[in-house]
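Notes for the structure review
The primary structure of each chain is shown beneath.
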Amino acid sequence: MTKINADRQLIALLRENGRMPVAEIARKLGISRSTAQSRLEKLERNGTIAGYVVKLSYDYLAGQIRAHLMVTVSPKLAPKVVRFLDDLIEVRTVHSVSGSFDMIVIVEAPSVAELDAVIDKIGALDGVERTMSSIILSTRIDR
């Protein structure tokens, strides 16, 4: 197994469980514990692993309403729109994309009414020309 492939497999394991013990990582990768520890430390040092985050339970997420909001923005005002989106706690992710929209914004709220209010707030932003939303019904794969 190449070091690059081992790193990719180690990252995949941590995506499943960021708190997986190094001994378990080593066992699953078929390498020694010290090798696994050294690969992990190298990935942290070189910035490949920037940190560890909380992965929310399915039960918690099932209580949230999520949507993909496709957004077209005026190019000159795009940085201002992104700064505003960054300040909204309901915004989970902002992707810059190619195609008929400029961004895909993942939004999340505890109710349809609150989600609707966030989508309206984003649509009313100076620089936002058009939006189209799709509510996420279920998540089939989440890595």
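This write-up is about the structure you can find in this document. Remember, it's a predicted structure, so these values are computed and weren't measured experimentally.

**Focus on the overall build of the chain**
Along the backbone of the chain there are 6 helices and 4 strands. Reading the chain from its N end, one meets helices and strands in the order α-α-α-α-β-α-β-β-α-β. Relative to a compact globule of 143 residues, whose C-alpha radius of gyration would be 15 Å, the chain shows 19 Å and is clearly more extended. Reported as C-alpha extents along the three principal axes, the dimensions of the chain are approximately 55 × 35 × 25 Å. Of the roughly 9,800 Å² of accessible surface on the chain, a fraction of 52% belongs to carbon and sulfur atoms.

**A closer look at the sheet that holds strand β1 (residues 65–73)**
Strands sit in the order β2-β3-β1-β4 across an open sheet of 4 strands; the sheet is antiparallel. Each edge of the open sheet is held by one strand with a lone partner, namely β2 (91–96) and β4 (128–135). Ignoring strand direction, the axes of neighbouring strands in this sheet form an average angle of 20 degrees. Taken together, the 7 bridges between β1 and strand β3 (residues 103–109) define a ladder with antiparallel strand orientation. Paired with H68 across the bridge in β3 is I106. Contacts from helix α5 (residues 78–87) reach β1, β2, β3 and β4, with the element oriented near 20 degrees to β3.

**Focus on the pairing of β3**
Here is the key point about a regular strand: its side chains alternate between the two faces of the sheet. Most of β3 sits out of view: 6 of its 7 residues are buried. Here β2 pairs with β3 via 5 bridges, running antiparallel. Each bridged residue has a counterpart across the sheet, and for S96 the counterpart in β3 is M103.

Definitions and limits used
Residues numbered from 1 in each chain as written. Predicted model: local features only at pLDDT ≥ 70, side-chain atom pairs only at ≥ 80, totals over all residues. Heavy atoms only, no water. Helix = DSSP H or I, 4+ residues; strand = E, 2+ residues; numbered from the N terminus. Rg over C-alpha atoms; globule rule 2.2 N^0.38 Å. Areas by Shrake-Rupley, 256 points an atom, 1.4 Å probe, with all protein chains shown as cover. Pairing = 2+ DSSP bridges. Axes fitted to C-alpha atoms, helices over the stretch in contact; angles between N-to-C directions. Contact = heavy atoms within 4.5 Å. Buried < 20%, exposed > 50% of the residue type's maximum accessible area, 1.4 Å probe, protein only.

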